Amino acid sequence: MANTDWGNQTSITEFILLGFGDIPELEIFLFLLFLLIYIVTVSGNVLIIVLAITEQNLHTPMYFFLGNLSCLETCYTSTILPRVLASLLTGDKTISISGCLTQYYFIGFFAGAECYLLAVMSYDRFLAICKPLHYAVLMNGRFCLQLAAGSWINGFLAMTVVIVLMLQLIFCGPNEIDHFYCESTEILNLYCSDTNQIDLVITFLAAIFTLPPFVLTMASYICIIITIVRIPSTTGRQKAFSTCSSHLTVVTIFYGAIMILYMLPKTNSLRALNKVFSVFYTVLTPMANPFIYSLRNIEVKDTIGKMVSKCLDFTRNQSIVL
């Protein structure tokens, strides 16, 4: 039986994440850019979490799920960017095998959980628009907790199966990963063993844990669009669409980026382009979500405005006292 200790099961002890090593003259610029993106991403998502918890008018299922999404995006970004920043700053591109597999596990975990969480948020909007009279009864606090917990558990289950199978295989080199994070295809290319079986398992699990939430999301929005079109008044249609437009934008960006990234041929000539789309999917999307929800959502904008006003009033009062 294979030894399941990450440090002892292989003939190599670490990987080299090549990252953006082919453009060393841009490393300082990339460090500053990614640092700014990381600060903005964490700050924006933490702000959404704080608002969803502290503001009484945002204590609704929609903002409960949005707070979960922001928490997930913060964790997802923190799994990738700190390691990239450290590599760009110090020039140390090595990562231990256990560290690489851990990063891969959490990337897959958060991505899988996000698929289901976006589907849950779509279902929430479906009930709010298509079944408004039953919404409060159906989307009660207990059901919301179950849906959110189910999203996180699904991501956990999928990646646990994959990582257990990966621990049974042996690495023997080369130890270079031509990416800025531990991506599944790159990791599988470094195994000595036959990876056909684990490839099939990953493909099967990806279908099981991605297609159902995608279908549910699409079905929810088809029903929503049909319901909105049937609303007689223009004002009513605009009001109904405004409640789901932010989420629809996030869903479009998320699945659009995934489709482009994984449909792109894995050839040497397209490696650079693959990294660009990976940056968009793993780095820019989590940063964009807080802006999409805050700029396109009247309730969030009003709440942020009130919070800023309170801070300014407090600062003004303190300056008067002093």
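Please read all numbers here as calculations on a predicted model, not as lab measurements.

One pass over the structure, following the stated rule, counts 19 aromatic pairs. Aromatic pair phenylalanine 109 and tryptophan 152: ring centres 6.1 Å apart, planes at 65°, arrangement edge-to-face. Of this pair, phenylalanine 109 sits in helix α3 (residues 97-130) while tryptophan 152 sits in helix α5 (residues 141-166), and the two are 43 residues apart along the sequence. Look at phenylalanine 109 and you get buried, because its relative accessible area is 11%. Among the aromatic residues, those joined into a ring-pair cluster are Tyr76, Phe214, Phe254, Tyr255 and Tyr281.

So, about the pattern of salt bridges. It is possible for side chains of opposite charge to pair when their charged atoms get near one another. Applying the stated criterion across every chain, the model contains three salt bridges. For lysine 93, the salt bridge is made with glutamate 27, and the minimal N-O distance between the two is 3.5 Å. Linking lysine 93 in the loop between α2 (61-90) and β2 (94-96) with glutamate 27 in helix α1 (residues 27-54), this pair joins segments that are 66 residues apart in sequence. When its relative accessible area of 18% is taken as the criterion, glutamate 27 is described as buried. In this structure, the salt-bridge partner of lysine 275 is aspartate 178, at a minimum N-O distance of 2.9 Å. In this pair, lysine 275 is assigned in helix α10 (residues 271-295) and aspartate 178 in the loop between β3 (176-177) and α6 (184-188), connecting sequence segments 97 residues apart. The class for lysine 275 is buried, based on a relative accessible area of 7%. You can call aspartate 178 partly exposed: its relative accessible area is 22%.

Each value, and the rule that gives it
Residues numbered from 1 in each chain as written. Predicted model: local features only at pLDDT ≥ 70, side-chain atom pairs only at ≥ 80, totals over all residues. Heavy atoms only, no water. Phe/Tyr/Trp six-rings, centres within 6.5 Å; stacked < 30°, edge-to-face > 60°. Helix = DSSP H or I, 4+ residues; strand = E, 2+ residues; numbered from the N terminus. Buried < 20%, exposed > 50% of the residue type's maximum accessible area, 1.4 Å probe, protein only. Salt bridge = Lys/Arg side-chain N within 4 Å of Asp/Glu carboxyl O.

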